[in-house]
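Each chain is listed here by its residues.
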Amino acid sequence: VEKITGKKPVFVKLDICNPAALEKFFEASDKFDACIHFAGLKAVGESVKKPLRYYSNNLVGTLYLLNAMEKYGCRSIIFSSSATVYGDPASLPITEDFPIQPTNPYGRTKAMIEEMLRDVAKGETG
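Computed from a predicted model, the values in this text were never measured in an experiment.

A. Highlighting the packing of aromatic side chains. One pass over the full model with this rule turns up 5 aromatic pairs. A ring pair is formed by F25 and F26, whose centres lie 5.5 Å apart and whose planes are at 80°; its orientation type is edge-to-face. Ring centres of F26 and Y72 lie 5.6 Å apart, and the angle between their planes is 25°; on these two criteria the pair is classed as stacked. Of this pair, F26 sits in helix 2 (residues 19-28) while Y72 is found in the loop between helix 4 (51-71) and strand 2 (76-79), placing the two residues 46 residues apart along the sequence. Using a relative accessible area of 5% as the deciding quantity, one classes F26 as buried.

Structure (structure tokens):
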């Protein structure tokens with residue numbers, strides 16, 4: 001990111017499932033224009049064994065993050081999705097016009113977050 005923008009991004013390690021920590025961070029920070037969202041559990045096999053952990057962490061955490069971003073006027077997000085949203089593609093390479101057909105909880109959380117982001121972008125404050 002620094003090579004592209006000429007600015008060193010600020011890395012913040014915190015639990016996005018902790019709304020108080022998010023609030024404290026946003027409140028203490030200078031206003032910023034964008035957020036790069038890499039926070040999320042990402043093991044397909046584990047997601048099948050522990051789906052609630054994945055839904056709680058990935059979906060709820062993203063909701064908390066989006067709420068904080070909205071409150072503090074941060075309107076841009078770069079989200080790290082996954083090719084798992086396409087399930088088992090009929091051909092390779094996968095392109096973004098392939099149908100969204102996740103086959104596991106991890107992929108479903110990524111697809112659901114993509115839907116959330118589309119809805120937020122269309123909303124009044126998105």
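B. A nonpolar patch on the surface, seen in detail. Together, V1, I36, F38 and I78 make up a nonpolar patch on the protein surface, roughly 410 Å² of accessible area in all. Relative to the elements of secondary structure, V1 occurs in the segment before helix 1 (2-5).

C. Broad picture of helix 5 (residues 105-122). Given a rise of 1.5 Å per residue, 18 residues ought to cover 26 Å, and the 26 Å separating the end C-alpha atoms of helix 5 matches this to within 8%. If you check which residues of helix 5 are buried, you get P105, Y106, G107, T109, K110, A111, I113, E114, M116 and L117.

D. Seen up close, the side chain of H37. Mapping H37 onto the fold places it in strand 1 (residues 34-37). For H37, a relative accessible area of 2% gives the class buried. Among the polar contacts made by the side chain of H37, one reaches the main-chain amide nitrogen of A39 at a distance of 3.2 Å. Among all residues touching H37, those that are not within four sequence positions of it are I16, T62, L65, I77, I78, F79 and S80.

E. Spotlight on the environment of R118. Along the chain, R118 turns up in helix 5. With 38 residues separating them in the primary sequence, R118 and S80 have C-alpha atoms 14 Å apart.

F. A look at the side chain of S82. Relative to the helices and strands, S82 is located in the loop between strand 2 and helix 5. At a separation of 2.9 Å, a polar atom in the side chain of S82 contacts the side chain of T84.

What counts as what
Residues numbered from 1 in each chain as written. Predicted model: local features only at pLDDT ≥ 70, side-chain atom pairs only at ≥ 80, totals over all residues. Heavy atoms only, no water. Phe/Tyr/Trp six-rings, centres within 6.5 Å; stacked < 30°, edge-to-face > 60°. Helix = DSSP H or I, 4+ residues; strand = E, 2+ residues; numbered from the N terminus. Buried < 20%, exposed > 50% of the residue type's maximum accessible area, 1.4 Å probe, protein only. Patch = residues over 30% accessible without salt bridge, like charges linked within 9 Å, V, L, I, M, F, W, Y side chains within 5 Å. Areas by Shrake-Rupley, 256 points an atom, 1.4 Å probe, with all protein chains shown as cover. Salt bridge = Lys/Arg side-chain N within 4 Å of Asp/Glu carboxyl O. Expected span 1.5 Å × (residues − 1). Polar contact = N/O pair within 3.5 Å; in protein donor to acceptor, adjacent residues only side chain to side chain. Contact = heavy atoms within 4.5 Å.

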